[in-house]
Amino acid sequence: MKTWDVVIVGAGAAGLFCAGVAGQRGLKVLVIDHSDKVAEKIRISGGGRCNFTNRLLDASAPQKHFISQNPHFCRSALSRYTTQDFIDLVQKHGIAFHEKHKGQLFCDHSAEDIIRMLLAECAAGGVEIRSGCAVQSVQAPSDNQPFYILETQQGVVQTTALVVATGGLSIPKIGASDWGYRIASQFGLRLVERRPGLVPLTFDGEAWAPYAQLAGLALPVGIETGEKKNRMHFDEDLLFTHRGLSGPGVLQISSYWHESTPIRLNLAPEVNLPERLQEAKLRSKKLLGNELASLVPSRLAEAWVSQDPALQRTAADVPDKALNKLAEALSSWQLTPTGSEGYKKAEVTLGGVDTRDVSSQTMESKQPGLYFIGEVIDVTGWLGGYNFQWAWASAHACALALAQKHAA
Ligand SMILES: Cc1cc2nc3c(=O)[nH]c(=O)nc-3n(C[C@H](O)[C@H](O)[C@H](O)COP(=O)(O)OP(=O)(O)OC[C@H]3O[C@@H](n4cnc5c(N)ncnc54)[C@H](O)[C@@H]3O)c2cc1C
């Protein structure tokens, strides 16, 4: 039977990138994926344009943009394979891209460009890819045989090193599974509890009824959750949905939000509402709702005013108390989500293989010869290309370590 130097399970962002780098350094690499189509998450990422990295990533302070029980774990890999390194590769392949917002880099044409690039890098490294191939069991090396033995749907495979790149639990319908976590448990590695991240938040049907009519409305907001040193704040867009809230601001805050705790929204972050409403009261004969509609989107103004009869009169006639209450409610709207849309809508999975059981230099776990890369590890980035950069960087660190071990 052929012995592979490396078998990588998961032909997503991290798995394909690791395979190409290791293959081009002379290793015999096999990639296995249970899905028929590889890299499905790249294909749907960034609205089909793949936000493949972020220029603002600060590898010296990873806690700014990454969540983990140990946010410093990702520092080494991120500083050894940087945003610029990936941009150089994208440019080498002639892929056109642009910067959108807060350092986020997207393909001009399609996420398919990134997939083609990864597959070309794999081909250059002589990598074999088997898709539509589930792995049924993994047996560790023993005294009798020095290899990992994998029983797969396409036969038995034997390898010196096994890399788990099966990603997180989000979007099960395109191939996400808990396989990586199960393998970690099989070998006695610790897991950090998983939960959906970068996910829309939902609210109780009845309590949400007055706002359900706002579905489709998007506006810039300040959004925060947590208290004191755990307080997190984002200035980003918010989107009202039929069931709750979405948009970049909510996705970002969802990764920091804990069940039964509130979020706070400033729906008019660029306006001094108490001042502007008082000013309107002094000079205006218009309905307060109309005045408010010049300060916040008119649908929002209408939804708010319609909930309080004291506000349904000319601005001049609204009592100060009601005006102040309105300003306070809009600039510090506190509400407690009942839940989230879960893994079917989440972009990432928080938690995963505990970093205490993985080397930050090589991605090798405490089980010799068993490596973990990408989202399966307890490292989760912000929205904006940070998760892909973690996939590239952890894959690169792993591939270099494998090549070094092979050469030794
Ligand atoms: C809708 C959406 C949009 C996103 N947009 C962005 C973005 O623009 N920028 C960004 O940085 N991040 C984005 N992300 C997050 C990003 O896609 C992931 O963080 C990243 O793909 C993780 O890379 P990975 O290689 O660890 O896992 P994945 O890319 O998910 O790859 C895992 C692979 O493992 C395979 N697999 C799973 N289980 C098994 C098994 N049992 N046997 C064999 N194979 C298995 C899967 O089929 C898959 O091919 C987005 C995510 C989603 C869901």
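Use the structure listed above.
Since this is a predicted model, take the numbers as computed values, not measurements.

(A) Layout of the site of the ligand. What surrounds the ligand is a group of 29 residues, the closest being Ala14, Asp33, Ser177, Glu375 and Phe388. Within the backbone of histidine 34, one N or O atom sits 3.2 Å away from a nitrogen atom of the ligand. Within the contact set of the ligand, an oxygen atom lies 3.4 Å away from a backbone nitrogen or oxygen of asparagine 387. Protein burial of the ligand: of its 990 Å² of free accessible surface, 93% is covered by the chains.

(B) Representation of the environment of valine 21 within the structure. As for its position among the elements, valine 21 is in helix H1 (residues 13-24). The exposure class assigned to valine 21 is buried, which follows from its relative accessible area of 10%. In this structure the C-alpha to C-alpha distance between valine 21 and serine 142, which are 121 residues apart in sequence, comes to 29 Å. Leaving out residues up to four positions away in the same chain, valine 21 has contacts with His396, Ala399 and Leu400.

(C) Here's a closer look at unusual backbone geometry. Positive phi, close to 45 degrees, is recorded for lysine 228, a residue that is not glycine. We classify lysine 228 as exposed; its relative accessible area is 79%. Not every positive phi belongs to a glycine, and methionine 363 is a case in point at roughly 70 degrees. Within the secondary structure layout, methionine 363 lies in the loop between strand S19 (348-353) and strand S20 (370-372). Given a relative accessible area of 0%, methionine 363 falls into the buried group.

(D) Just the sheet that holds strand S15 (residues 244-246), in detail. Strand order in this open sheet of seven strands is S17-S16-S13-S14-S15-S12-S18, and the pairing throughout is antiparallel. This sheet does not close on itself; its edge strands, each paired only once, are strand S17 (333-335) and strand S18 (339-340). As judged from the two bridges shared by strand S14 (residues 232-240) and S15, these two strands associate in the antiparallel manner. Counted as the bridge partner of leucine 239 is serine 246 from S15.

(E) Spotlight on the sheet that holds strand S3 (residues 51-54). Spatial strand order, S3-S6-S5: three strands in an open sheet with antiparallel pairing. Since the sheet does not close on itself, it has two edges, and those belong to S3 and strand S5 (97-99), each with one partner. Across the sheet, the axes of successive neighbouring strands diverge by a mean angle of 25 degrees, strand direction being ignored. Where S3 and strand S6 (residues 104-107) come together, three bridges link them in antiparallel fashion. Bridge pairing in S6 places asparagine 51 opposite phenylalanine 106. Along the sheet face, helix H4 (residues 83-92) touches S3, S5 and S6 and points at about 140 degrees away from the line of S3.

Criteria and cut-off values
- Residues numbered from 1 in each chain as written.
- Predicted model: local features only at pLDDT ≥ 70, side-chain atom pairs only at ≥ 80, totals over all residues.
- Heavy atoms only, no water.
- Near = heavy atom within 4 Å.
- Polar contact = N/O pair within 3.5 Å; in protein donor to acceptor, adjacent residues only side chain to side chain.
- Areas by Shrake-Rupley, 256 points an atom, 1.4 Å probe, with all protein chains shown as cover.
- Helix = DSSP H or I, 4+ residues; strand = E, 2+ residues; numbered from the N terminus.
- Buried < 20%, exposed > 50% of the residue type's maximum accessible area, 1.4 Å probe, protein only.
- Contact = heavy atoms within 4.5 Å.
- Pairing = 2+ DSSP bridges.
- Axes fitted to C-alpha atoms, helices over the stretch in contact; angles between N-to-C directions.

Just geometry here; none of it tells us what the structure is for.
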